[in-house]
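# Geometric and topological summary
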Amino acid sequence: MKAVVVEHFGGLEEVKMADVPKPSPAKGEVLIRIRDAGVNPVDWKIGEGALKDKMPHEFPLILGWDAAGEIAEVGEGVKGFKVGDAVFAYCRKQVVRHGTFAEYIALDAKYAAIKPKSLNFAEAAAIPLVALTAWQSLFGFARLKEGDTCFISAGAGGVGSFAIQFAKWKKATVYTTASSNHHGYVKSLGADHVIDYNKEDFAEAIMKHEPQGLDVVYDCVGGSTLRASFPLVKKGGSLVSIVNFNVEELGKSYPIRTGFVFVAPNGEQLATIAGLIDQGAIKPAHTEELKLEEAVLALKKVKAGHTQGKIVLKVS
Ligand SMILES: NC(=O)c1ccc[n+]([C@@H]2O[C@H](COP(=O)([O-])OP(=O)(O)OC[C@H]3O[C@@H](n4cnc5c(N)ncnc54)[C@H](OP(=O)(O)O)[C@@H]3O)[C@@H](O)[C@H]2O)c1
């Protein structure tokens, strides 16, 4: 099958098309014929070797962790899926080797869920990693509840596109940051207050509206944005980062809960999210589709850091 691989870590010029063996499903796995694969910042980070000491890996390494497609084969012992089912999945495995920028992936059936019926494969492939991240951060670590106030940085990005909508679904008040050209987009997702972080000090702007502090801060940017976010959280509130592993250390002098979330594959949560999408409670992210052969271009665009919503690769 055709796939996008790296044979050793280096710059994105090392990323190339290759012919690799088609996998077979083991016990408990399904084989997915991939139609579209979502592109995430982690993909260029993996290709460049930025996470090589954090996760075991093997070469040739097929990039990509998000997929939407059809079940092509069902392994022994799998219940709940049959050949031909349209599914989507966040496909991170213990060893980074078999990714989704390929025609097929064999995957633990527990990671997959039936694709939202109202979406095409491209829109569905843009969902799993980012929507699960937002779900596990806001409802897992931060315990966001009805009526809370929250700040979500990078609202126009992949994670932000779902975090804003999940928070509004919980009837929270949402502050977010985005460049001016993305303000219409984040407002269409439901953001109540949008701050252009290029033109204004976002922390000052939020404190003006919420002098008593926020219940939840969701950090999708890290660095100086994270450091400026700690004082925004009210005593006993929560700050969750998906960028800075050392958020607890950085925030230890504040009287708040802090934590890092690393998204875990979860087919049940994906099925819940698919249900919300089919009910019309949650919309798909803005999605740009490129060809699998344009993977390097897609990775460069994502690395540039100003994507609106998501980029996906058309595989078959
Ligand atoms: N820990 C985990 O499990 C996990 C999971 C998913 C993602 N992540 C990480 O979380 C980060 C966000 O992921 P993503 O998929 O949402 O990325 P993304 O889609 O590439 O985010 C792009 C967005 O970031 C915004 N942005 C860039 N710099 C900003 C700043 N200083 N302030 C506010 N917004 C800014 C851009 O907004 P404008 O163009 O409007 O400026 C753009 O819309 C990445 O670093 C990713 O690796 C971690």
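Residues numbered from 1 in each chain as written. Predicted model: local features only at pLDDT ≥ 70, side-chain atom pairs only at ≥ 80, totals over all residues. Heavy atoms only, no water.

As recorded in an unreviewed UniProt entry, the protein chain goes by the name Zn-dependent oxidoreductase, listed as coming from Estrella lausannensis.

### Focus on the layout of surface pockets
In this structure, the largest pocket spans a volume of roughly 1200 Å³. As for the largest pocket, its lining consists of 45 residues, of which Pro 41, Lys 45, Cys 220, Ile 242 and Val 243 are closest to the centre. Those elements giving two or more residues to the lining of the largest pocket turn out to be helix H1 (41–47), helix H3 (128–141), helix H4 (158–169), helix H10 (295–304) and strand S16 (310–314). Ranked by residue count, the leading element in the lining of the largest pocket is H1, at four residues. For the lining of the largest pocket, the class distribution of residues is 26 nonpolar, 15 polar and four charged. Taken together, domain 1 (2–127 + 284–314) and domain 2 (130–260) each give at least three residues to the lining of the largest pocket, which thus spans both. (1 Å grid on protein atoms, 1.4 Å probe; cavity = no way out; pocket = protein on both sides within 12 Å on 5 of 7 lines; lining within 4 Å. Points joined across faces, edges and corners; volume = space filled by probe spheres on them. Helix = DSSP H or I, 4+ residues; strand = E, 2+ residues; numbered from the N terminus. Nonpolar A, V, L, I, M, F, W, Y, C, P; charged D, E, K, R; others polar. Domains from an automatic or database assignment.)

### A word on the environment of Ser 180
By the secondary structure assignment, Ser 180 is in the loop between strand S10 (173–177) and helix H5 (183–188). Residue Ser 180 is classed as partly exposed on the basis of its relative accessible area, which comes to 36%. For the pair Ser 180 and Tyr 197, spaced 17 residues apart in sequence, the C-alpha separation works out to 8.9 Å. If near-sequence neighbours (up to four positions away) are discounted, Ser 180 is found in contact with Asp 196 and Lys 199. A polar contact is formed between the side chain of Ser 180 and the side chain of Asp 196, at a distance of 2.5 Å. (Buried < 20%, exposed > 50% of the residue type's maximum accessible area, 1.4 Å probe, protein only. Contact = heavy atoms within 4.5 Å. Polar contact = N/O pair within 3.5 Å; in protein donor to acceptor, adjacent residues only side chain to side chain.)

### Things to note about the site of the ligand
With respect to spatial proximity, 27 residues lie near the ligand, and among them Gly 158, Ser 179, His 182, Tyr 197 and Thr 307 are the closest. A distance of 2.8 Å separates an oxygen atom of the ligand from a polar atom in the backbone of Val 263. Residue His 306 places a side-chain N or O atom 2.8 Å away from an oxygen atom belonging to the ligand. Here the ligand loses 86% of its free accessible area of 930 Å² to cover by the protein chains. Judged by the proximity of its atoms to the pocket grid, the ligand belongs to the largest pocket. For the shell around the ligand, the elements supplying multiple residues, two or more each, are H1, H3 and H4. Element by element, the count of residues in the shell around the ligand is highest for H3, at three residues. (Near = heavy atom within 4 Å. Areas by Shrake-Rupley, 256 points an atom, 1.4 Å probe, with all protein chains shown as cover. Sits in = over half its atoms within 2 Å of the grid points.)

### Some words on the packing of aromatic side chains
Two measures describe an aromatic ring pair: the distance that separates the ring centres and the angle between the ring planes. If you walk through the whole model with that rule in mind, you get 11 aromatic pairs. Measuring from ring centre to ring centre gives 5.0 Å for Phe 9 and Phe 59, while their planes differ by 70 degrees; the resulting arrangement is edge-to-face. In this pair, Phe 9 is assigned in the loop between strand S1 (2–6) and strand S2 (16–19) and Phe 59 in the loop between H1 and strand S4 (61–62), connecting sequence segments 50 residues apart. A relative accessible area of 22% places Phe 9 in the partly exposed class. Note on Phe 139 and Phe 166: the rings are 6.1 Å apart at their centroids and 45 degrees apart in plane angle, and the pair reads as tilted. Residue Phe 139 is found in helix H3, and its partner Phe 166 is found in helix H4; the two are separated by 27 residues along the sequence. Classification of Phe 166 by relative accessible area gives buried; the value is 0%. Of the aromatic side chains, those joined through ring pairs into one cluster are Trp 135, Phe 139, Phe 162, Phe 166 and Trp 169. Above the face of the Phe 139 ring, Lys 170 is positioned so that its terminal group lies 5.7 Å from the ring centre. For the cation-ring pair, Lys 170 lies above Trp 169, with the distance from its terminal atom to the ring centre recorded as 5.4 Å. (Phe/Tyr/Trp six-rings, centres within 6.5 Å; stacked < 30°, edge-to-face > 60°. Lys NZ or Arg CZ within 6 Å of the ring centre and 35° of its normal.)

### So, the sheet that holds S2
Across the sheet, which stays open at both edges, the three strands sit in the order S2-S1-S4 with antiparallel pairing between neighbours. Pairing within the sheet leaves two strands with one partner each, and these edge strands are S2 and S4. (Pairing = 2+ DSSP bridges.)

### Comments concerning the pairing of strand S3 (residues 29–39)
With 10 of 11 residues buried, S3 is to be regarded as a mostly interior element. Sheet topology note: the S3/strand S7 (residues 104–108) ladder contains five bridges and is antiparallel. When the sheet's bridge partners are listed, Glu 29 is paired in S7 with Asp 108. The pairing of S3 with S16 spans four bridges and is antiparallel. Residue pairing across strands places Asp 36 opposite Lys 314, the latter belonging to S16.

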